[in-house]
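Letter by letter, the chains look like this.
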Amino acid sequence: MGKDESSEKTLELFLKIGLDERTAQNTVANKKVTSNLTAVITEAGVSDGCSRTTGNLLYMVATKFPANALVHRPTLLQYIVSSKIKTPAQLDAAFSFFLGIGPGNLKLDEFEEACGVGIEVSAEETERTVNEIFEEKRKTILEQRYRTNVGDLFSLFRKRQPWADPKIVKNLIDAKLQELLGERTEADNEKPSKKKKERIAKVEDKTVAEIAPAPPSEEDLNPFLIFPQPEENFKVHTEVFFSDGSVLRCSNTRELLDKHLKTTGGKVFTRFPPEPNGYLHIGHAKAMFVDFGLAKERGGHCYLRFDDTNPEAEKKEYIDHIEEIVQWMGWEPFKITYTSDYFQDLYEFAVDLIQRGHAYVDHQSPEEIKEYREKKMNSPWRDRPIEESLKLFEEMRRGMIEEGKATLRMKQDMQCDNFNMYDLIAYRIKFTPHPHSGDKWCIYPSYDYAHCIVDSIENVTHSLCTLEFETRRASYYWLLHALGIYQPYVWEYSRLNVTNTVMSKRKLNFLVTNNYVDGWDDPRLMTLAGLRRRGVTSTSINTFVRGIGITRSDGSLIRLDRLEYHIREELNKIAPRTMVVLRPLKVVITNLESGNTMDLDAKKWPDAQTEDATYKVPFSNIIYIEHTDFRMKDSKDYYGLAPGKSVLLRYAFPIKCTNVVLAENKETVLEIHAEYDPSKSTKPKGVLHWVAEPSPGSDPLKVEVRLFEKLFNSENPAELDDWLADLNQESKVVVPDAYALPSVKGAAVGDSYQFERLGYFVVDKDSTPEKLVFNRTVTLRDSYGKSGR
């Protein structure tokens, strides 16, 4: 039978059990699901067809049934075809039950109780429960009307009546909404109105939009609930499908797991394993949150393990930075270890692997290995005798073979569908001293070989990594199985990708080494050192990461303004207010005597009530405002200063522009003359920030201010062919001579402030006793909070 004919027959079979055409076609295109579903249909005895409801349940079995309990699958299928199990909720309960018992003894009474077999929820019971929920949520439903989250109502029902017919429940909820709210009005169909844009020069104390978030789910409160306990690590981790049709189902033996649990005391052990070849970026913040966070939540331990298998790219500078930044992020390692600590163990395991017939010494060049892998061809040296490989591997270790002339490769499956099973390299020769182990070794293990073995040696319970490593799962477990050693639980989560930046270490290194930015800690980079220098707190980064969650949804970019929202939320609570004028325009107050300086009270915080929450601001007859806060022509929507117009000086008095001094070109404004209203009877709409001469003839405190914007213009520059051309040329603007209030003179490096109307700023390490330097952390505008999350 030809391939096309076989596919057509399979498609016909899937349509017979009620799958819609699109699902059936997608299934045929997936070898694994096709194989599983065909087996399920045969076991269920429905090759001639069945109802759509039964067919959809069979599809769920084919795609979700626990691999460690396949012996019980025929039993479950009989419950489905006899309609004893007839809803997805019952089937999910069955999966959980089988996952818990594995291949062990099946007690039908316990199984039926767990799955609600025989339980019939009457229409009256269903309606009564819906009415109870609506009564409890009546106030919220009346407020939100048709914007009420029906999914939340349905979830509440499921907790109380898990075995009710979901279609009946949905219809009752819809009918109840209609009964309570009546017909939809035009207002129900309108989109929520957006807040108006903040007008220029108008000051509001509350710079961050207040949001009333929906009540968090249990998973939001504790994102680590998705992970199993260490004692559950006897289940099948993954299935490795070989080209000869055989399947390796990887799991720990009871003996291995018991030995592991005895060593660890049943505690959770994780590891954060950065490679010391660059500075950590915000993606590593998510990895730290997952690795250290799970260990902390479960009362366990997390190693900081340096993955130092490539001596050519590693530096002590990077090691020191990583240790420091982990501590800054608020995490405390259980132990600091290095993969190189285990070089001797890894070498001995390699010898064992050769002796077991699972590895061989290869003499192909890198180009030949690449070509043979592309063609799925075995190396000419793949089947060399074990003794010969052992002898050559010893010669590699002793430095008797030239660099590049030999590698040790794992004997996996060159015809496998997974390219990460194409005889991966385990060891290569490098005559390069190692930063940690010195010149003891001239052969170094690969990541693919070393990381899973070290996970096993360190008794890691949960080996957590990002989704690009998912295809390496087969190799990970193949190797541990081949060596007969303990297998950790592996779980992959989505990478953290943020807009308007690059996260690749290679690209970051290129930007740094070619001076496109000012080092690894440039405040425009998403390195953690750069974010810290920019004034971002570790608390806000961790809050941002927690809000994203530990999901497996890949390929999505997180908008930068979502991070900025959390930064503002934090700084709004901890950064005292002050006033700084970036581009000063001189204002002479003609009705205030020269030399007459008064101290006014200003608030460090919007709701300041106590004396220590205020500071003194000098006010004299010469003040400075922003150049952008003055226009020669006034307009209705303008709240700044103009000829003949009044504005309020923040914490001070109203002033009115009485005269404008122009340069010889009759366009450039040199200074403004104004009169102030000491009685404060004038009530102008516009409010300006300002800085005064602290004493007659002396300039205000001069500071340098660096204004940072997005480093790249595009949201995803990494996808561009010429990504460097997308660099934002205005990403850093230096204002060398801004004017600040005297109260910031004693500020230390790392101190944060809110410059009123301008944003949040932090004192930079380039500051000197003579001149402070401030970096803008974020502006005051919060598009993310205002648009809703």
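Predicted model only: the values in this text are computed from it and were never measured.

Calculation criteria
Residues numbered from 1 in each chain as written. Predicted model: local features only at pLDDT ≥ 70, side-chain atom pairs only at ≥ 80, totals over all residues. Heavy atoms only, no water. Helix = DSSP H or I, 4+ residues; strand = E, 2+ residues; numbered from the N terminus. Buried < 20%, exposed > 50% of the residue type's maximum accessible area, 1.4 Å probe, protein only. Lys, Arg positive; Asp, Glu negative; His and termini not counted. Charge placed at Lys NZ, Arg CZ, Asp CG, Glu CD. Phe/Tyr/Trp six-rings, centres within 6.5 Å; stacked < 30°, edge-to-face > 60°. Axes fitted to C-alpha atoms, helices over the stretch in contact; angles between N-to-C directions. Parallel < 35°, antiparallel > 145°, perpendicular 65-115°, else oblique. Left-handed = near helix turned anticlockwise from the far one by under 90°. Contact = heavy atoms within 4.5 Å. Pairing = 2+ DSSP bridges. Core = buried A, V, L, I, M, F, W, Y, C linked by side-chain atoms within 4.5 Å. Salt bridge = Lys/Arg side-chain N within 4 Å of Asp/Glu carboxyl O. pLDDT = per-residue confidence, 0-100. Right-handed = clockwise from strand over helix to strand, strands pointing away.

A. Structural detail: the overall build of the protein chain. Along the protein chain, the regular secondary structure elements total 26 helices and 27 strands. Taken along its principal axes, the extent of the C-alpha atoms in the protein chain is 100 × 80 × 50 Å. In the protein chain, buried positions account for 50% of the 789 residues. The averaged location of the 120 negative side-chain charges in the protein chain is 3 Å from the averaged location of its 107 positive side-chain charges.

B. Examining the packing of aromatic side chains more closely. Inspection of every chain in the model, using the stated rule, returns 36 aromatic pairs. A centroid spacing of 5.0 Å and a plane angle of 25° characterise the contact between Phe306 and Tyr338, whose relative ring orientation is stacked. Of the two residues, Phe306 is situated in strand 4 (residues 301–306) and Tyr338 in strand 5 (residues 336–338); the sequence distance between them amounts to 32 residues. Judged by its relative accessible area of 0%, Phe306 falls in the buried class.

C. Spatial organisation of the packing of helix 8 (residues 123–136) against helix 11 (residues 166–181). Running from N to C, helix 8 and helix 11 cross one another at 45°; their axes reach a closest spacing of 10 Å. The orientation of helix 8 relative to helix 11 falls into the category oblique. In the packing of helix 8 onto helix 11, the handedness of the crossing is right-handed. For the pair helix 8 and helix 11, contact is made by Thr126, Glu127, Val130, Asn131 and Phe134 and by Ile168, Val169, Leu172, Ile173, Lys176, Leu177 and Leu180, respectively.

D. Seen up close, the pairing of strand 6 (residues 359–362). Of the two faces of strand 6, the one carrying Ala359 and Val361 and the one carrying Tyr360 and Asp362 are both buried. One ladder, built from four bridges, connects strand 6 with strand 7 (residues 407–410); its direction is antiparallel. Residue pairing across strands places Ala359 opposite Met410, the latter belonging to strand 7.

E. Representation of the nonpolar core. In this structure, Phe227, Phe272, Ile282, Met288, Leu528, Ile541 and Phe544 are the most contacted members of the largest nonpolar core, which totals 49 residues. Mapped onto this core, the elements with two or more residues apiece are helix 15 (282–297), strand 4, helix 16 (316–328), strand 11 (489–493), helix 23 (528–534), helix 24 (538–548) and helix 25 (560–574). Counting residues per element, this core draws most heavily on helix 15, which supplies nine residues. Once residues lying within four places of it in the same chain are set aside, the contact partners of Leu528 are Leu280, His281, Ile282, Ala285, Met288, Ile325, Trp328, Met329 and Ile541. Core analysis: the next-biggest nonpolar cluster, separate from the first, contains 47 residues, Met410, Val454, Cys465 and Trp478 among them.

F. Looking closely at the packing of helix 4 (residues 52–64) against helix 6 (residues 88–101). Interaxial distance between helix 4 and helix 6 falls to 11 Å at its minimum, and their mutual angle equals 25°. By the criterion of interaxial angle, the relationship of helix 4 to helix 6 is roughly parallel. As for the relative orientation of helix 4 and helix 6, their crossing is right-handed in sense. Only Pro88, Leu91, Asp92 and Phe95 of helix 6 make contact with helix 4, whose side of the interface consists of Leu57, Met60, Val61 and Lys64.

G. Focus on the sheet that holds strand 3 (residues 269–272). Taken together, the three strands give an open sheet; going across it, the order is 3-4-5, and neighbouring strands pair in parallel fashion. On the outer flanks of this sheet lie strand 3 and strand 5, each paired with one strand and no other. Strand-to-strand twist of the sheet, defined as the mean angle between neighbouring strand axes without regard to direction, takes the value 35°. Bridge count for strand 3 against strand 4 is four bridges, and the pairing is parallel.

H. Examining the pattern of salt bridges more closely. This structure, assessed with the given rule, holds 47 salt bridges. Across the salt bridge formed by Arg409 and Asp362, the nearest N and O atoms sit 2.9 Å from each other. With a gap of 47 residues between them, Arg409 in strand 7 and Asp362 in strand 6 connect regions that are remote in the sequence. Asp362 matches Arg409 in its accessibility class, with the two residues each being buried. Note that Arg706 is salt-bridged to Asp764, the shortest N-O span being 3.3 Å.

I. Quick peek at the sheet that holds strand 13 (residues 580–581). The sheet built from seven strands is open, its strands ordered 12-25-26-27-23-24-13 with mixed pairing. Each edge of the open sheet carries a strand with a single partner, namely strand 12 (577–578) and strand 13. Note: strand 23 (residues 701–708) against strand 27 (residues 772–778), four bridges, orientation parallel. Its bridge partner being in strand 27, Arg706 is matched across the sheet by Asn775. Against the sheet, helix 25 engages strand 12, strand 25 (752–755), strand 26 (759–763) and strand 27, with an angle of about 125° to strand 27.

J. Main features of the environment of Arg757. For Arg757, the position within the fold is in the loop between strand 25 and strand 26. Separated by 24 residues in the primary sequence, Arg757 and Arg781 place their C-alpha atoms 9.4 Å from one another.

K. Expanded view of the confidence of the model for the protein chain. Of the residues in the protein chain, 93% reach a pLDDT of 70 or more, and the chain-wide mean stands at 88. Segment residues 194–219: pLDDT under 50, and 40 contacts once partners within four positions in sequence are set aside and those in other chains are kept. Every residue in residues 784–789 is under pLDDT 50, and counting partners more than four places away or in other chains gives 11 contacts.

L. Spotlight on the pairing of strand 10 (residues 462–466). For strand 10, the tally of buried residues reaches five of five residues, placing the bulk of the element in the interior. By the alternation rule, side chains of strand 10 split into His462, Leu464 and Thr466 and Ser463 and Cys465, which are all buried. Here strand 10 runs beside strand 11; their pairing, made up of five bridges, is parallel. Residue pairing in the sheet places His462 in a bridge with Tyr489 of strand 11. Where the polypeptide runs from strand 10 across helix 21 (residues 473–483) and back to strand 11, its parallel neighbour, the crossover connection is right-handed.

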